[in-house]
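Now for the letters of each chain:
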Amino acid sequence: MPPALEIAGLEKTYANGLQALKGIDLQVEKGDFFALLGPNGAGKSTTIGVICSLVQKSAGTVRVKGIDIDENFAGAKRHLGVVPQEFNFNVFESVEDILIHQAGYYGIPLKTALGRIDLYLEKLGLADKRHVRARMLSGGMKRRLMIARALIHEPSVLILDEPTAGVDIEMRRSMYNFLCEINAAGTTIILTTHYLEEAESLCRNIAIINHGKIVTNTSMKNLLRELHREIFILDSRETLPQDLSVQGFTITRKDDYSIEAQIDRGQDLAELMAGLHQRGVSIISMRNRENRLEQMFVSLLEQAS
Ligand code: ADP
């Protein structure tokens, strides 16, 4: 079974010489709920633009369900629903007409299309807007219309670029619920965001992009564990013994007088000290070694704000 999305060596240099993507490698498995997290300007929209061929890449390959977009874009596109950041429907058309036209583009019979329109408008809280012209919708409603339109051909991979931008908190929650529901039913979901909390509450796997490069690619669980882990450097008065193990802690001997200990959030430092004491070690000073990920997030958030 090919992955839902496979990106290798992706590069993009815009006409003005700006290198927005500097060799991106990403793999998203079928059924995943995946976040691409990064500050503004990191390269998220460019990546999505390449996947849906709005942006021409400079190098690299993109496969959707094993289909190379350069070899068979139409084939790849059938598997793909994309919700870009910019609204790109005709605002003078009604909600229903926009969806019917999209269904027509994919050759979906009208009867099937109307059934799906009923379903998705209901699920996305737009049922009463069916005959309203799109320009009369609020920003959040337009975003939900974009999602309904991306789903009309029932793609197996749904990609959303900052789906909650301009959506109020209450609607955000129902949008999350809806995305979780279609993910549980088998749709692979990939979203971009610059909020860690958004990714945290929804996604199983995550890649962090900054300045056009993937800086971390791991499971959400691992990322949070890393973020919640602190590393302390402890100095001893006497030469340290060789065996420094203390149950429940990861301890590394740095030199004859200092050790490094990992403390997960919720662990008791007193237990560590007692354990070391039992080994005849008395600690005279300790300091916090900076957490690489924590530091990275602080700088990501500063850049995003
Ligand atoms: P993100 O979606 O993470 O905010 P983007 O992919 O939109 O980031 O942008 C990545 C970089 O590429 C930014 O520096 C942005 O200014 C630049 N960029 C985006 N679109 C263009 C364009 N059409 N021409 C030149 N530079 C662009």
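Residues numbered from 1 in each chain as written. Predicted model: local features only at pLDDT ≥ 70, side-chain atom pairs only at ≥ 80, totals over all residues. Heavy atoms only, no water.

(A) Quick look at the site of the ligand. The environment of the ligand is formed by Y14, N16, L18, A20, P39, N40, G41, A42, G43, K44, S45 and T46. One of the side-chain N or O atoms of Y14 is found 3.4 Å from a nitrogen atom in the ligand. Between an oxygen atom of the ligand and a main-chain N or O atom of S45, the distance comes to 2.7 Å. Protein contacts shield 63% of the accessible area of the ligand, which totals 560 Å² for the unbound molecule. With three residues, the single largest contributor to the shell around the ligand is helix α1 (residues 44-51). Looking at the shell around the ligand residue by residue, the classes come out as five nonpolar, six polar and one charged. (Near = heavy atom within 4 Å. Polar contact = N/O pair within 3.5 Å; in protein donor to acceptor, adjacent residues only side chain to side chain. Areas by Shrake-Rupley, 256 points an atom, 1.4 Å probe, with all protein chains shown as cover. Helix = DSSP H or I, 4+ residues; strand = E, 2+ residues; numbered from the N terminus. Nonpolar A, V, L, I, M, F, W, Y, C, P; charged D, E, K, R; others polar.)

(B) Main features of the environment of L272. Turning to its location among the elements, L272 is positioned in helix α9 (residues 269-278). Along the chain, L272 and K65 lie 207 residues apart, while their C-alpha atoms are 49 Å from each other. Sequence-distant contacts of L272, that is, excluding residues within four places in its chain, are made with L234, V246, F249, I251, A261 and I263. (Contact = heavy atoms within 4.5 Å.)

(C) Molecular detail of the layout of surface pockets. The computed volume of the largest pocket comes to approximately 310 Å³. As for the largest pocket, its lining consists of 16 residues, of which C52, K77, V82, Q102 and Y106 are closest to the centre. Among the secondary structure elements, those contributing two or more residues to the lining of the largest pocket are α2 (73-78), β6 (80-83), α3 (95-105) and α5 (139-151). Among the elements that make up the lining of the largest pocket, the one with the highest residue count is β6 (three residues). (1 Å grid on protein atoms, 1.4 Å probe; cavity = no way out; pocket = protein on both sides within 12 Å on 5 of 7 lines; lining within 4 Å. Points joined across faces, edges and corners; volume = space filled by probe spheres on them.)

(D) Up close: the sheet that holds strand β14 (residues 283-289). Pairing in this open sheet of four strands is antiparallel, and the strands run β12-β13-β11-β14 from one edge to the other. Pairing within the sheet leaves two strands with one partner each, and these edge strands are β12 (250-253) and β14. Geometrically, the sheet is characterised by an average inter-axis angle of 25° between neighbouring strands, direction not taken into account. Summarising the sheet, strand β11 (residues 229-236) and β14 pair through six bridges and their orientation is antiparallel. Each residue of the ladder has a partner; that of I231, found in β14, is R289. (Pairing = 2+ DSSP bridges. Axes fitted to C-alpha atoms, helices over the stretch in contact; angles between N-to-C directions.)

(E) Spatial organisation of the side chain of D161. Looking at where D161 falls in the secondary structure, it is placed in strand β7 (residues 157-161). Lacking a salt bridge, the buried D161 has K44 as its closest oppositely charged neighbour, with an N-O distance of 6.4 Å. Look past the residues within four positions of D161 in its chain and what remains in contact with it is S45, I48, V83, P84, Q85, R143 and T192. (Buried < 20%, exposed > 50% of the residue type's maximum accessible area, 1.4 Å probe, protein only. Lys, Arg positive; Asp, Glu negative; His and termini not counted. Salt bridge = Lys/Arg side-chain N within 4 Å of Asp/Glu carboxyl O.)

(F) Unusual backbone geometry, seen in detail. A positive phi angle, close to 65°, is found at S53, a residue other than glycine. When you line up the elements, S53 lands in the loop between α1 and β4 (59-64). Positive phi outside glycine occurs at E154, with the angle close to 50°. Relative to the assigned elements, E154 resides in the loop between α5 and β7.

Purely geometric numbers; function is a separate question.
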